Amino acid sequence: MGEPFMLKCIAVMTSGGDSPGMNAASRAVVRTALHEGVEVWGINNGYKGMLEDDMCQLSSRSVSDLIQRGGTFLGTARSKEFKTIEGRKKGLANLKKHGIEGLVIIGGDGSLTGGSLLSDLGMPIVGLPGTIDNDVWGTDYTIGADTAANTIVDAINKLRDTASAHRRIILIEVMGRKSGWLAMMSGIAGGAEYVLVPEVKFDLDQICEEIKESYAAGKRYSIIVVAEGAGSAVEMGKIVAEKTDIDTRVSVLGHIQRGGSPTVEDRMKASMLGERAALALISGTSNVVFGFDAGKVVSINLYDAVNHKKTLDPELVRLARVLA
Ligand code: ADP
């Protein structure tokens, strides 16, 4: 407190795809700032709201009854206009109009890239990785990924029951955009026979042969988790049914993976990250993203985070093969 560089007014925003735990993170930013005597604003609907001057000052009560909720009370949106320099200047002017001196952005790769460009115009930015895809470089955790993985595992458990009853093959398509992380985590935790991810080449013909052999040896079901980035489970399902001649079903889980009450892990880590983000920003730090590495909060350079591609941990790939 009392440092000459300390910010007196900050804002928080969620952007891009929503993820469970974004509320816990926003709440932590708000309560931490207020605890330090700093004014805090909420920007509604991401960059779209910033450009429309849709923002308001928040109190401690504004974030009551939120920690258990999925989605994001601030709303989120996508904005093409923000991708233009004129758009970003307009957004910056709106922030300045309200005396906002720094911004916490909770979102995925795209949102953080937008943040780095806003920072180039002179607005201090601290980012938090908020996406179910767990595809932000420099952190092994992103807000919402654990809840989404748990939702998928719950679905796998249920689908396995019915697959076993009918001796079916079930393909389950899960989200993750270009990343196979969600598929890999939930596939391992759900005991899937195969996990198909964009990062690893696979041979569907060979998989079909192996499944036929396992059925001949008495197996009652086969679960194949397909990351959306690896291809369409519907199309693969047609091929599998034809090649194996075994009753095959496909379940595309879709947006159910984004919702729901956040897990303890997501609530705790989002709260820890939110506090760190607010404290860093008000004490004059900018251009960082806070994440986790080996269980500890770490700070990552914002430009590094958005300019590198995260790779799937080869250890997970190996483990999935060993245990299947
Ligand atoms: P996510 O943050 O989940 O990756 P998007 O990629 O859709 O989601 O990004 C969210 C928003 O961030 C976009 O609608 C846009 O306003 C902004 N954004 C994304 N990429 C850029 C970019 N290259 N330049 C400026 N703004 C961007």
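What you see is a predicted model, and the numbers here were worked out from it, not measured in a lab.

**Quick look at the site of the ligand**
If you check the shell around the ligand, you find 16 residues, and the closest are R78, S79, G110, S111 and R177. Between R78 and the ligand, the recorded distance is 2.4 Å, taken from a side-chain N or O atom to an oxygen atom. If you tally residues by element for the shell around the ligand, the top one is helix α4 (residues 109-120), at six residues. Its residues placed into classes, the shell around the ligand shows three nonpolar, nine polar and four charged.

**Topic: the packing of helix α7 (residues 204-216) against helix α8 (residues 233-244)**
Between two packed helices, both the angle of their axes relative to each other and the distance between the axes serve to describe the pair. In contact at an axis separation of 10 Å, α7 and α8 are set at 50° when each is read in the N-to-C sense. Taken together, the axis directions place α7 and α8 in an arrangement best described as oblique. Here α7 and α8 pass one another in a crossing that is right-handed. On the side of α7, the interface is formed by L204, D205, C208 and K212, while α8 contributes M236, I239, V240, K243 and T244. The class makeup of the residues in the contact of α7 with α8 is five nonpolar, one polar and three charged.

**Digging into the pairing of strand β5 (residues 125-129)**
Most of β5 is tucked away, with five of its five residues classed as buried. Burial of the side chains of β5 extends over both faces: I125, G127 and P129 are buried on one face and V126 and L128 on the other. One ladder, built from two bridges, connects β5 with strand β10 (residues 288-293); its direction is parallel. Its bridge partner lying in β10, G127 is registered against V289.

**A look at the pairing of strand β4 (residues 102-107)**
For β4, the tally of buried residues reaches six of six residues, placing the bulk of the element in the interior. Neither face of β4 is open: one carries G102, V104 and I106, the other L103, I105 and G107, and all of them are buried. Sheet topology note: the strand β1 (residues 9-14)/β4 ladder contains five bridges and is parallel. Bridge assignment links I10 to a residue of β4, and that residue is G102. Here β4 pairs with β5 via five bridges, running parallel. Looking at β5, one finds that I106 is bridged to L128. You can see the chain leave β4, run along α4 and come back into β5, and the turn it takes is right-handed.

**Side note on the sheet that holds strand β8 (residues 222-227)**
Taken in spatial order, the four strands of this open sheet run β7-β8-β6-β9, and their pairing is parallel. In this open sheet, the two edge strands, each paired with only one partner strand, are β7 (194-196) and β9 (248-252). The average angle at which neighbouring strand axes cross in this sheet is 20°, direction not considered. Relative to β9, strand β6 (residues 169-174) runs parallel, the two sharing five bridges. Bridge pairing in β9 links L171 to V250. Its contacts with the sheet place helix α5 (residues 145-166) against β6, β8 and β9, and it is angled at close to 165° to β6.

**Brief notes about α8**
For α8, with 12 residues, the first-to-last C-alpha span of 16 Å sits near the 16 Å given by 1.5 Å per residue. All of the buried residues along α8 are A233, M236, G237, V240 and T244. One face of α8 carries all of its buried residues, which in axial projection span an arc of 105°. Lining the buried residues of α8 we find β6, β7, α7, β8 and β9.

**Some details on unusual backbone geometry**
Note: most residues except glycine have negative phi, and most peptide bonds are trans. Even without being a glycine, D65 presents a positive backbone phi close to 60°. Mapped onto the elements of the fold, D65 is located in the loop between β3 (55-57) and α3 (85-97). Accessibility expressed as a relative area gives 47% for D65, which makes it partly exposed. For R167, which is not glycine, the phi torsion reads 55° and is therefore positive. By the element assignment, R167 lies in the loop between α5 and β6.

Calculation criteria
Residues numbered from 1 in each chain as written. Predicted model: local features only at pLDDT ≥ 70, side-chain atom pairs only at ≥ 80, totals over all residues. Heavy atoms only, no water. Near = heavy atom within 4 Å. Polar contact = N/O pair within 3.5 Å; in protein donor to acceptor, adjacent residues only side chain to side chain. Helix = DSSP H or I, 4+ residues; strand = E, 2+ residues; numbered from the N terminus. Nonpolar A, V, L, I, M, F, W, Y, C, P; charged D, E, K, R; others polar. Axes fitted to C-alpha atoms, helices over the stretch in contact; angles between N-to-C directions. Parallel < 35°, antiparallel > 145°, perpendicular 65-115°, else oblique. Left-handed = near helix turned anticlockwise from the far one by under 90°. Contact = heavy atoms within 4.5 Å. Buried < 20%, exposed > 50% of the residue type's maximum accessible area, 1.4 Å probe, protein only. Pairing = 2+ DSSP bridges. Right-handed = clockwise from strand over helix to strand, strands pointing away. Expected span 1.5 Å × (residues − 1). Arc of directions from axis to C-beta.

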